[in-house]
Amino acid sequence: EGEGERYAVSPGDEVGERFTLPPLGRPPPPATAMRNVRKKLQAATFGRTWESLFNKVDRNHTGQLDVHELVALVRKLLRIPPAVMPPVDILDLFAFLDLDADGSVSVGELHAFLLADDDVR
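1. Considering the nonpolar core
By size, the foremost hydrophobic cluster in this structure holds 29 residues, and its most contacted members are Val 37, Leu 41, Met 85, Leu 93, Leu 110 and Phe 113. When residues of this core are traced back to their parent elements, those giving at least two are helix H1 (31–44), helix H2 (50–57), helix H3 (67–77), helix H4 (87–97) and helix H5 (107–115). What Met 85 contacts, discounting residues up to four positions off in sequence, is Ala 33, Val 37, Val 74, Arg 75, Ile 80, Ile 90 and Leu 93.

Structure (C-alpha cells):
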C-alpha cells in the first residue's frame, strides 16, 4: 500500500467506483472540511477515550485505520454526509492524516490532527 494505491470508495461509500489515493505532497482537503471533521471528532471524544473512539472503526483491530475505516469514521461515527464532505475530500484527508506515509492512520496521527490548529498539521 502507498502512494498511488487504488482503493474502492464510491460516492455512496459502497465498494464500486475507484478513486486513487492522492500522492504525497498534495494540498490538504478544504479548510472547511478539516474544521468540520475536527469539530465533530472533538464532540465525539467528549467523555470517552481516544482508544474507544478509534476501536469503534478499527474493524480489523490493527491499531491503524485504512481508508475504508476512515470513511466509516467520517460517515457513520461523525455522520458527515457526502454532500458535506465528498469522497475525494475523505481521500485527501486520509493522505493528510497519514503523517508517516505508511498507508494507514494511527490513533496518534488522528490525535495530532485533533490537537492541531486549523492551519497547522
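Continuing now.
2. Details of the confidence of the model for the protein chain
The share of residues in the protein chain with pLDDT of 70 or more is 73%, and the mean pLDDT across the chain is 76. Across residues 1–22 the pLDDT falls below 50, and counting only partners more than four positions away or on other chains, this stretch makes 49 contacts in the model.

3. With respect to the packing of H4 against H5
Taken N-terminus to C-terminus, the directions of H4 and H5 make an angle of 105°; their axes are 10 Å apart at the nearest point. Comparing their axes, H5 and H4 come out roughly perpendicular. For the pair H4 and H5, the contacting residues are Leu 93, Phe 96 and Leu 97 in the first and Glu 109, Leu 110 and Phe 113 in the second. Split by residue class, the contact of H4 with H5 holds five nonpolar, no polar and one charged.

4. Details of H3
Across the eleven residues that make up H3, a large majority, eight, are buried. Three or more residues of H3 are buried, namely Val 67, Glu 69, Leu 70, Val 71, Ala 72, Leu 73, Val 74 and Arg 75. For H3, the N-terminal capping position is held by Asp 66, with its side-chain oxygen 3.0 Å away from the main-chain nitrogen of His 68. Where H3 terminates, the next one or two residues include Arg 79, which has phi positive at roughly 60°.

5. Observations concerning the packing of H2 against H3
The geometry of H2 relative to H3 is characterised by a closest axis approach of 8 Å and an angle of 105° between their N-to-C directions. Classified by the angle their axes make, H2 and H3 are roughly perpendicular. Across from Leu 53, Lys 56 and Val 57 in H2, the residues of H3 making contact are Glu 69, Ala 72, Leu 73 and Leu 77. Of the residues assigned to the contact of H2 with H3, the class counts are five nonpolar, no polar and two charged.

6. Side note on the environment of Lys 76
Within the fold, Lys 76 resides in helix H3. The exposed category is assigned to Lys 76, whose relative accessible area is 66%. When the C-alpha positions of Lys 76 and Val 57 are compared, they lie 9.0 Å apart, and in sequence the two are 19 residues distant.

7. Here we look at the packing of aromatic side chains
Applying the stated rule across the entire model yields zero aromatic pairs. Over the aromatic face of Phe 113 sits the side chain of Arg 38, whose NZ or CZ is 4.3 Å from the ring centroid.

8. Some remarks on the side chain of Ser 106
Assignment of secondary structure puts Ser 106 in strand E4 (residues 105–106). With relative accessibility at 16%, the residue Ser 106 sits in the buried group. Sequence-distant contacts of Ser 106, that is, excluding residues within four places in its chain, are made with Phe 54, Gly 63 and Gln 64.

The rules behind each value
- Residues numbered from 1 in each chain as written.
- Predicted model: local features only at pLDDT ≥ 70, side-chain atom pairs only at ≥ 80, totals over all residues.
- Heavy atoms only, no water.
- Core = buried A, V, L, I, M, F, W, Y, C linked by side-chain atoms within 4.5 Å.
- Buried < 20%, exposed > 50% of the residue type's maximum accessible area, 1.4 Å probe, protein only.
- Helix = DSSP H or I, 4+ residues; strand = E, 2+ residues; numbered from the N terminus.
- Contact = heavy atoms within 4.5 Å.
- pLDDT = per-residue confidence, 0-100.
- Axes fitted to C-alpha atoms, helices over the stretch in contact; angles between N-to-C directions.
- Parallel < 35°, antiparallel > 145°, perpendicular 65-115°, else oblique.
- Nonpolar A, V, L, I, M, F, W, Y, C, P; charged D, E, K, R; others polar.
- Polar contact = N/O pair within 3.5 Å; in protein donor to acceptor, adjacent residues only side chain to side chain.
- Phe/Tyr/Trp six-rings, centres within 6.5 Å; stacked < 30°, edge-to-face > 60°.
- Lys NZ or Arg CZ within 6 Å of the ring centre and 35° of its normal.

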